[in-house]
Amino acid sequence: MNRTPPELAALLPVSNPVTLEKLIEALCQPIRLEVDRSVSGCIELLERILDEVDAAAESLHAADAALGVQIQACETGLRSLSGAPGTEAGLLLGLWQSAAGRPQAVRGSGDGAGELIQRMLKDAHTARAPLQSLLAQLRHFRHVGQAARKLARERASGSQASARAVQAVSENMIRLRTRALLDQAQQRGWMKPVARDSALERAIVAAVLQRAA
């Protein structure tokens, strides 16, 4: 006995009644058990990933702290260099030129050493920017993991928030499954194409959701 709402059959551009029945059956398959398995599997996967993320984050935080110390040291060095007497600045310049294999020049400033420290400071800032971006992404991922843990606790307690979350996941999975089945049916020559994000696609999804309610 076909329990599918007749409006869904009218919406699908399929001429063969046998093919139409098979497509309707596939579109209206229950999805709750699949959602439960998917949510549980996702939470378990997130838990494992979070453990690895936490372990990796320790070394990343240490590297970020080390770069912060280097940046502070370079800034302090530049301030000290700018206030050094001419003889000390000249000595620093000579040492830097000698180490760099450059000819000695009589100059009354520490531009050479300052240039080197400026380069170190720039490199430290350059290295720290993507590191801090990665740490920010890790913090965001931890928020996702914490939300997953909260969902797991709420599902165990049967809360309304959990029911709404699972319902939202179910509806999204139905939309994705519907789109995939429409594409498969069209590729196999069973039906005319249904444009993505079209009014017809939205009507088909609505009819499937009504059946799943």
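Refer to the structure presented above.
Numbers given to residues run from 1 along each chain, matching the order in which its sequence is written. Local features are withheld for residues below a pLDDT of 70 in this predicted model, meaning they are given only at 70 or higher, and side-chain atom pairs are given and counted only at 80 or more; totals for whole chains, interfaces and linings count all residues. Heavy atoms throughout the structure, all of them, feed into the side-chain values; hydrogens and water do not.

K.L.:
Any chance you could break down the environment of leucine 176 for me, citing the residues and the numbers?
P.N.:
For helices the rule is a DSSP run of H or I covering at least 4 residues; for strands it is a run of E covering at least 2, with both sets numbered from the N terminus onward. Relative to the helices and strands, leucine 176 is located in helix α6 (residues 160-187). When the C-alpha atoms of leucine 176 and valine 205 are compared, they prove to be 9.5 Å apart, with 29 residues separating the residues in sequence.

K.L.:
Describe in detail the packing of helix α3 (residues 32-82) against α6, supporting the description with residues and values.
P.N.:
Helix axes are fitted only over the stretch in contact, all axes being lines through C-alpha atoms; the angle between N-to-C directions runs from 0 to 180 degrees. Contact geometry of α3 with α6 gives a least axis separation of 10 Å together with a crossing angle of 110 degrees. The pairing of α3 with α6 is recorded here as roughly perpendicular in orientation. Here α3 and α6 pass one another in a crossing that is right-handed. Taking contact as the criterion, the partners of Arg32, Glu34, Val35, Ser38 and Val39 in α3 are, on α6, Val166, Val169, Ser170 and Met173. Polar here means any residue outside two lists: the nonpolar Ala, Val, Leu, Ile, Met, Phe, Trp, Tyr, Cys and Pro, and the charged Asp, Glu, Lys and Arg; Gly therefore counts as polar. Residues of the contact of α3 with α6, tallied by class, amount to five nonpolar, two polar and two charged. Here roughly perpendicular refers to angles of 65 to 115 degrees, roughly parallel to angles under 35, roughly antiparallel to angles over 145, and oblique to all remaining angles. It is the rotation of the near helix from the far one that decides the hand of a crossing: anticlockwise by less than a right angle makes it left-handed, clockwise makes it right-handed. In this analysis, two residues are considered to be in contact whenever any of their non-hydrogen atoms come within 4.5 Å of each other.

K.L.:
With reference to specific residues and values, describe the side chain of threonine 19.
P.N.:
Its place among the elements puts threonine 19 in helix α2 (residues 17-27). The rule is simple: take the accessible area with a 1.4 Å probe, protein chains only, and divide by the maximum for that residue type; under 20% is buried, over 50% is exposed, in between is partly exposed. The buried category is assigned to threonine 19, whose relative accessible area is 15%. Those residues within four positions of threonine 19 in sequence are excluded, and the remaining contacts are Val14 and Trp190.

K.L.:
Account for the pattern of salt bridges, with residues named and values stated.
P.N.:
Definition used for salt bridges: Asp or Glu carboxyl oxygen within 4 Å of a side-chain nitrogen of Lys or Arg. All told, the structure shown has five salt bridges when counted by the stated rule. Salt-bridge contacts for aspartate 54 lead to arginine 142; the nearest nitrogen and oxygen are separated by 2.6 Å. Residue aspartate 54 is found in helix α3, and its partner arginine 142 is found in helix α5 (residues 111-157); the two are separated by 88 residues along the sequence. Take aspartate 54: its relative accessible area is 31%, and that puts it in the partly exposed class. When the shortest N-O distance is used, the salt bridge between aspartate 183 and arginine 179 registers 2.6 Å. Of this pair, aspartate 183 and arginine 179 both sit in helix α6, four residues apart, which is roughly one turn of the helix.

By themselves, these observations are geometric and do not establish any function.
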